[in-house]
Amino acid sequence: MADWYEARRYDVLVIGAGGAGLRAAIAAAEAGVKVGLVCKSLLGKAHTVMAEGGIAAALGNLDPNDNWEVHFADTMRGGQRINDYRMVEIFAKEAPERVYELERWGGLFDRTPEGKILQRPFGAHTYRRLCHVGDRTGLELIRTLQDRAVHSGVEVLMEVTLSRLLKDGDRIAGAFGYRREDGRFIAIGAKAVILATGGWGKVYKVTSNSWECTGDGCAMAYEAGAELMDMEMVQFHPTGMVWPPGVRGILVTEAVRGEGGILRNAKGERFMQTYDPKKLELSSRDVVSRSIYKEVEAGRGSPHGGAFLDVSHRGAEYIKKKLPSMYEQFLKLADVDITKGPMEVAPTIHYVMGGVRVAPGEGASTVPGLFAAGEVAAGLHGANRLGGNSLSDLVVFGKRAGEHAARYAKGVDGDPRIDDGQADEERRLLLRPFDSGSTENPYELHAELQEAMGTHAGIARTGEGLRAGLDKILSLQERAERMRAAGSLLYNPGWHACRDVRFMLILCEAIFRAAIERTESRGAHWRLDFPDQDAGWGRKNLVVQRGDRGMTVSTRSVPEVPPQLARLLEATA
Amino acid sequence: MTDATLHVFRGDKTGGDLRTYQVPVTEGMVVLDAIHYIQQHEDSTLACRWNCKAAKCGSCSAEVNGKPRLMCKTRLDQFMGSPVTVRPLAAFPLIKDLVTDVSWNYRVNQEIPPFTPARDDTGPWRMYPEDVDRMFEFRRCIECFLCQDVCHVLREHDGTSRYYGPRFMVRIAGLEMHPKDTVSRAHLLRGRGGIGFCNITKCCEEVCPEEIHITDNAIIPLKERVADEYFDPWRALLRAFRGRREPRGT
Ligand SMILES: Cc1cc2nc3c(=O)[nH]c(=O)nc-3n(C[C@H](O)[C@H](O)[C@H](O)COP(=O)(O)OP(=O)(O)OC[C@H]3O[C@@H](n4cnc5c(N)ncnc54)[C@H](O)[C@@H]3O)c2cc1C
Ligand code: SF4
Ligand code: SF4
Ligand code: FES
C-alpha cells in the first residue's frame with residue numbers, strides 16, 4: 001500500500017447508488033458482510049431519481065388476470081426473444097415481492113379506492129401493471145432505498161469516481177479512482193465488486209439521461225476482461241421534449257400515453273392507427289419511435305421535427321394530479337400548458353439494453369468476483385425494454401447481486417492484494433491531460449462522438465453508415481490520447497470530462513461493432529439495408545470482449561426457452 | 001443572437017470573487033445552460049453540481065440574484081437582459097465556485113430513526129387514499145437544500161448545531177404521519193432536532209421548488225405533536241392508539 005492514495009477496504013464494494021446499487025448494498029449488508037457504496041454524485045441524485053412512470057410488477061390489483069406468466073410473456077415478446085428467459089422468469093416472479101418490500105420500507109404508492117397499490121397501463125404490457133406515485137416514481141424508490149441503506153450499516157462514499165477495476169491475478173481485488181472534491185486518489189480493496197453504474201445515454205446528444213450516464217462501469221468491466229452483450233441494442237424513447245433547444249431530449253414520460261395521451265402528425269392524423277391499430281399509442285417503444293421517425297421523414301412532422309402528443313382532453317384537474325411534474329416541466333421550461341394543448345415530442349435516447357453479460361439470477365460477470373446489476377447488466381430486456389421493467393429490474397437483480405456477492409466474498413480466503421503498479425498506471429492516465437503536449441478539448445471530442453452516434457447509430461441504421469461511424473470513433477480514440485485539462489485537481493469538471501470521454505469512446509466502438517454484425521432488424525436495432533427479422537439472428541446474442549489486438553465480436557446462442565415456458569409465449573401471442 | 005452577462009462567483013476556501021462572462025442566449029435558456037456554456041467554451045474549471053436538468057434531482061442549487069433557486073429551472077429571459085449574479089449557497093461551507101459542502105445534511109438524516117412498522121405487520125397493506133394523500137407532499141422533497149440555505153436559524157453562527165432545518169422537519173413529518181409507523185420522534189425534535197428554534201418566518205416555504213407547505217403542513221403540526229407529548233401526555237397516548245396505530249387500513 002502506497003501513501004499517495006487514501007486506502008479503504010470492504011468485503012463487498014458496490015459502485016453506483018441508483019436503485020440497483022442501493023438494493024445490492026442493502027442485501028449484502030443484511031448478509032452480514034462489510035459494505036462500501038460509492039457514487040459520483042451526492043447520495044439520492046443518481047439517474048434513478050428521474051424515473052417517472054412506474055415500476056412494473058404483476059400484482060393484479062386492477063386486473064386480476066395478471067400474473068407472472070403474462071408479465072414473462074410480455075417481456076420476452078417486447079425483447080424480441082433474444083432475452084435470457086431464465087432472467088425474465090426470475091424477474092416476473094419476484095417483482096411483486098420487491099414492490100411490497102419497498103412499501104414495508106416506507107415507500108408510498110398511489111392507491112386504489114380499496115386501499116391497494118394503484119397500477120397504470122403502459123406500452124406493450126397486457127394489463128395495468130405499473131405501480132407508481134404520480135410521475136415521480138424514481139424519487140420514491142431512491143429515497144426509500146437510500147434511507148434503508150444508510151440505516152443498514154452501509155458506508156457511503158459520495159462524489160467519488162472510480163475509474164479502474166483492480167485485479168489480483170484473474171480475480172477482482174477492488175477499484176481505484178479519485179475524490180471529485182479535491183482530486184485525492186483513492187484505492188478500495190474488496191473481495192467482490194458489484195457494478196451498478198447505470199447506462200451510457202450520454203454518448204448521444206439528444207438523450208433523457210443525466211451527465212452521470214457515461215457508462216464508466218461497463219467500460220471498466222470491458223477493460224478488466226469481462227464479456228459485454230447486446231451492445232447494439234439502444235432504446236429510443238418515442239417522446240422526448242424538442243423545443244426550446246436547451247430542453248431537447250428531456251423525457252416526456254410514457255405515463256402521458258398511459259393516461260390516454262394521443263399522438264398526431266402535423267396534419268392532425270392519429271398516425272398510430274396506421275402502424276399498430278391494436279395497441280395504438282401504447283405499442284412498444286421501438287415501434288412508436290419508428291412511427292414518429294417515418295412521419296417526420298414523410299414530411300408530416302411537427303415544426304421542430306417531431307409529433308404532437310395531446311392529453312388535454314383528460315381535463316386540467318386530472319392531469320395535475322396524475323402528471324404533476326410533466327405539467328410543471330412544460331409550463332416552466334417550454335411555456336406550454338399541457339392541460340390546454342398538445343406538447344411537441346420526438347424520439348430521445350433513453351436506455352441501453354446491452355451491457356455486462358451476467359450469470360442469470362446471480363449477477364456474476366465472467367471475471368471472478370465481479371458482479372453487475374441494473375442498467376449496466378445485459379440479458380433481461382433483449383432487443384427492447386418495456387417501460388417500467390427497469391425499476392423492477394433494479395430491485396430484483398440488485399438484491400440478488402448483493403446476496404451472491406456477499407456469499408462469494410465470504411468464500412474468499414484472505415484479502416486480495418492491491419497492486420500499486422495498477423493503481424499507479426491509472427493515476428498516470430488520469431493525470432495525462434495536464435501534460436504540456438495535450439491539446440484536445442474534451443467537450444469538443446464529446447460533441448463529436450455524439451454527432452457520430454446520432455448520425456450513424458440512430459433509429460435507422462445502414463451498414464455503410466455504421467462503418468463510417470466506427471472509423472470516426474477510432475480516430476476520436478486516437479485524439480483522446482491528447483485531451484487537455486486546465487487548472488488544478490480541485491473540483492474540476494473539465495478534468496473529469498477527460499476520463500468520461502475515454503470511457504464513452506469504448507462503448508461507442510462496441511455499439512458500432514455489434515451493430516455492423518447484426519444484419520437484420522430486431523427491436524431497437526433497425527437496419528434499412530436489412531429491414532426484416534432473420535430467424536437465424538433471432539437465436540444469437542452478440543458478445544464483445546477485449547482481445548489481444550483490440551475489440552472482438554462473437555456470437556452466443558440465446559438460451560432456448562423450455563417447452564412449458566414457450567407455451568406461455570404462444571398462448572397469449 | 002443577444003448576449004447575457006453573468007457574474008459568477010469563482011473561488012475556494014481561501015477566497016474568491018465574482019467574474020464576468022458573456023454568454024450567447026438561445027430561446028428558453030436557463031441559468032444552468034449558461035454555466036455549461038462557460039464550462040465548455042471559456043473555462044472548463046468552473047465547478048457546479050447538476051444531474052437531471054429537469055428540476056427532479058435537486059443538485060443544481062445556487063443563489064441567483066441573491067435568491068436560492070434551482071439553476072435548471074431558472075429561465076434567463078425573466079431577467080430581461082440585465083446582468084445575472086450566481087453565487088453558491090451561503091449556509092454551507094464552500095468547496096469551490098458554486099459547489100458547497102452539504103454533507104452535514106446527510107449526517108442529520110442518519111440521526112433520524114427510520115420508518116419502523118410493527119414487526120408482525122408484514123402486508124401487503126391496505127392504506128386508503130385519504131390516509132396517505134397528505135404524505136405525498138412530504139415525499140416530493142428533492143433535497144435541494146434551498147430551504148436550509150434560506151433558514152435564518154441555520155445561517156446564524158453555529159446554527160447547524162441547534163436545528164435540523166426545514167428539510168428535515170419535512171422528512172420527520174413524513175415519517176410521523178405515516179399510518180404504519182410506530183416510533184415517536186418527539187423527543188428528538190425537541191432536543192437535537194431543535195424544532196423550538198423555528199419561529200415560523202416561512203422563508204423556507206417561499207423558496208421550495210416543490211411548493212411544499214413546509215411550515216403549515218410539516219413544522220406546525222410537528223410542534224403541536226411535541227407540545228402534546230410533553231405537556232398533554234394523555235392526549236398523545238390517545239392519539240397513539242386511535243389515530244396512528246389504527247388507520248382505516250389493515
Ligand atoms: C427520465 C427517465 C425516466 C425513466 N422512467 C422510468 C420508469 O418510469 N420506469 C422504469 O422502469 N424505468 C425508467 N427509466 C429508466 C431507469 O430510471 C434507469 O434505467 C435506472 O434508474 C437505472 O438505474 P441503475 O441503478 O442501474 O443506475 P443509475 O440510477 O444510473 O445509477 C448509477 C450510479 O452509478 C454511479 N456511478 C457511475 N459511474 C461511476 C463511477 N465511475 N464511479 C462511481 N460511481 C459511479 C452513479 O453516480 C450513480 O450513483 C427512466 C429513465 C429516465 C432517464
Ligand atoms: S419557518 Fe422555521 S424553518 Fe422555515 S425559514 Fe423560518 S425559521 Fe427556518
Ligand atoms: S423541502 Fe423543498 S426546498 Fe427543502 S430540500 Fe425539500 S424540495 Fe428543497
Ligand atoms: S439539475 Fe437536477 S434539479 Fe437542477
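Predicted, not measured: the structure shown is a model, and the values here were computed from it.

Caption draft 1: Quick peek at the sheet that holds strand β3 (residues 55-56) of chain A. All names here are of chain A. The strand order across the open sheet formed by three strands is β3-β5-β4, and the pairing between neighbours is antiparallel. Two strands bound the open sheet, and with one partner strand each, they are β3 and β4 (119-120). Here two bridges tie β3 to strand β5 (residues 130-131), and the two strands are oriented antiparallel to one another. Its bridge partner lying in β5, I55 is registered against C131.

Caption draft 2: Just the site of ligand 2, in detail. Residue and element names in this part refer to chain B. Taken together, 14 residues form the shell around ligand 2, and within it C151, C198, T201, K202 and C204 come nearest. Elements with a contribution of two residues or more to the shell around ligand 2: α5 (152-155), α8 (203-207) and α9 (214-231). When grouped by side-chain class, the residues that make up the shell around ligand 2 number nine nonpolar, four polar and one charged.

Caption draft 3: Geometry of the domain arrangement of chain B. Residue and element names in this part refer to chain B. The assigned domain composition of chain B is domain 1 (3-99) and domain 2 (103-242). Each of domain 1 and domain 2 has a C-alpha centre, and these two points are 31 Å apart. With 15 residues of domain 1 at the contact, the number on the domain 2 side is 14 residues. Where domain 1 abuts domain 2, roughly 1,100 Å² becomes buried across the two surfaces, and 61% of that area is made up of carbon and sulfur atoms. Counting the surface domain 1 buries against domain 2, the share from its top three residues, P68, A91 and F92, is 45%.

Caption draft 4: Structural view of the site of ligand 3. As a structural note, the neighbourhood of ligand 3 is formed by C141, I142, E143, C144, F145, C147, C208, P209 and I214 of chain B. Classifying every residue of the shell around ligand 3 by side-chain character gives eight nonpolar, no polar and one charged.

Caption draft 5: Structural view of the pairing of strand β13 (residues 307-310) of chain A. All names here are of chain A. Where strand β12 (residues 262-264) meets β13, three bridges bridge the pair, whose relative direction is antiparallel. For L263, the partnering residue across the bridge sits in β13 and is L309. Direction of pairing for β13 relative to strand β14 (residues 343-352): antiparallel, over a ladder of three bridges. Each residue of the ladder has a partner; that of A307, found in β14, is V345.

Caption draft 6: Main features of the packing of aromatic side chains. Residue and element names in this part refer to chain A. For the structure shown, the criterion picks out 15 aromatic pairs over all chains. With centroids separated by 6.2 Å and ring planes inclined at 75°, the aromatic side chains of W68 and F72 adopt a geometry described as edge-to-face. Here F72 and W68 lie together in helix α2 (residues 68-78), a separation of four residues that amounts to about one turn. With a relative accessible area of 23%, W68 lands in the partly exposed category. Overall, F72 belongs to the buried group, its relative accessible area being 0%. Here F271 and Y275 contribute two aromatic rings whose centre-to-centre distance is 6.4 Å and whose plane-to-plane angle is 75°, an arrangement assigned as edge-to-face. For F271, a relative accessible area of 2% corresponds to the buried category. Aromatic rings pair up to connect W4, Y5, F176 and F185 into one cluster.

Caption draft 7: Region of the structure containing helix α8 (residues 285-297) of chain A. Residues and elements named next belong to chain A. Here α8 is 13 residues long and its end C-alpha atoms lie 18 Å apart, about the 18 Å a rise of 1.5 Å per residue gives. All of the buried residues in α8 are R285, D286, V288, S289, R290, S291, I292 and E295. Where α8 terminates, the next one or two residues include G299, which has phi positive at roughly 85°.

Caption draft 8: Representation of the packing of helix α5 (residues 216-223) of chain A against helix α15 (residues 493-517) of chain A within the structure. All names here are of chain A. Running from N to C, α5 and α15 cross one another at 70°; their axes reach a closest spacing of 9 Å. Classified by the angle their axes make, α5 and α15 are roughly perpendicular. Like other packed secondary-structure pairs, α5 and α15 cross with a definite hand, here left-handed. Across the interface between the two elements, D216, C218, A219, M220, Y222 and E223 from α5 touch R499, D500, F503, I506 and L507 from α15. Residues that form the contact of α5 with α15 fall into these classes: seven nonpolar, no polar and four charged.

Reading the values: the criteria
- Residues numbered from 1 in each chain as written.
- Chains lettered and ligands numbered in written order.
- Predicted model: local features only at pLDDT ≥ 70, side-chain atom pairs only at ≥ 80, totals over all residues.
- Heavy atoms only, no water.
- Pairing = 2+ DSSP bridges.
- Helix = DSSP H or I, 4+ residues; strand = E, 2+ residues; numbered from the N terminus.
- Near = heavy atom within 4 Å.
- Nonpolar A, V, L, I, M, F, W, Y, C, P; charged D, E, K, R; others polar.
- Domains from an automatic or database assignment.
- Contact = heavy atoms within 4.5 Å.
- Buried area = accessible area lost by both parts, 1.4 Å probe.
- Phe/Tyr/Trp six-rings, centres within 6.5 Å; stacked < 30°, edge-to-face > 60°.
- Buried < 20%, exposed > 50% of the residue type's maximum accessible area, 1.4 Å probe, protein only.
- Expected span 1.5 Å × (residues − 1).
- Axes fitted to C-alpha atoms, helices over the stretch in contact; angles between N-to-C directions.
- Parallel < 35°, antiparallel > 145°, perpendicular 65-115°, else oblique.
- Left-handed = near helix turned anticlockwise from the far one by under 90°.

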